[in-house]
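Single-letter residue listing:
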Amino acid sequence: MADFQPDLADEARRRLGASLAEQREANKRWQAMVRSPRARGALARYRSVLGPPESAGPRRIGDLECEALLWPVPLWPDLRFEVLAAPDGAVWNEWLVRAPGARGPVLKSPDDLRPWSATVDEVARAFAPVRPMEGTAPTRWRLAFTARGKPCVAEFTYGLLQRVAVNDA
C-alpha cells in the first residue's frame, strides 16, 4: 500500500508503534516465508502468522464452494482480512472486507472515494455497473465505472481503495 500512499503507510506504521527497521524486518521475514522452497501453503502461512481466524464458514460463489476465513485488523477495526480457500486449502482470494455489522462509507460521487476508505465490494455496489480490470500485481484490483457521466478507474491493494482516476476529458 506504500506504493500508492506512502504518507498513510508511514502514519499507520507509527500508529501501530513499529519502527521503520521493524517494518523492514517483518517484510523480510514474510518474503522469506513466501519464497522458501519448503514454503507452506498460503492458508497455512496465514494461520501461522495471524493465528486462528475470528470466524470461518462456508461460502458459495456461483458454482464454487469455498471457506471464508476472517481475521481482525488492528489498524482498521471496521475491516477484516478475508481469505477464500478451496476445499483442498488452496487460497483463491485474499483481501480486506468490511467487518460484519460495521457500516461502510456513503459513496455517491468520486469525491467520496478517499484512499483507504472503501473496499472493492463497496465501490462495486455504489457505482454499479462496474467492469473489473486486471491489476498491476497479484494483490491489486481495478474497477472501471461511470460516475456523474465521467469514466473512472478505482485502484485497490488487498481490496482497499488506493486511488481513483477520473477522466474529465
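Everything discussed here concerns the structure shown above.
Worth saying up front: this structure is predicted, and the values here are computed from it rather than measured.

Moving on to the packing of helix H2 (residues 20-35) against helix H3 (residues 42-50). Two quantities define a packed helix pair, namely the angle between the axes and the distance from one axis to the other. Packing of H2 against H3 brings their axes to within 11 Å, and their N-to-C directions diverge by 150°. Taken together, the axes of H2 and H3 lie roughly antiparallel to each other. Crossing angle aside, the handedness with which H2 passes H3 is right-handed. When H2 is examined against H3, the residues Trp30, Met33 and Val34 are found in contact with a partner set consisting of Arg45, Tyr46, Ser48 and Val49. Tallied by class, residues from the contact of H2 with H3 come to 5 nonpolar, 1 polar and 1 charged.

Right, let's get into the sheet that holds strand S3 (residues 79-85). Spatially, S1-S2-S3-S4 is the arrangement adopted by the 4 strands of the open sheet, whose pairing is antiparallel. With partners counted over all chains shown, the strands left at the sheet margins are strand S1 (55-61) and strand S4 (91-98), one partner each. Along the sheet, successive strands turn relative to each other by an average axial angle of 30°, direction set aside. Both S1 and strand S2 (residues 64-72) contribute to a ladder of 7 bridges, which runs antiparallel.

Reading guide: rules and limits
- Residues numbered from 1 in each chain as written.
- Predicted model: local features only at pLDDT ≥ 70, side-chain atom pairs only at ≥ 80, totals over all residues.
- Heavy atoms only, no water.
- Axes fitted to C-alpha atoms, helices over the stretch in contact; angles between N-to-C directions.
- Helix = DSSP H or I, 4+ residues; strand = E, 2+ residues; numbered from the N terminus.
- Parallel < 35°, antiparallel > 145°, perpendicular 65-115°, else oblique.
- Left-handed = near helix turned anticlockwise from the far one by under 90°.
- Contact = heavy atoms within 4.5 Å.
- Nonpolar A, V, L, I, M, F, W, Y, C, P; charged D, E, K, R; others polar.
- Pairing = 2+ DSSP bridges.

Everything listed here is a matter of coordinates, which is why it stays silent on function.
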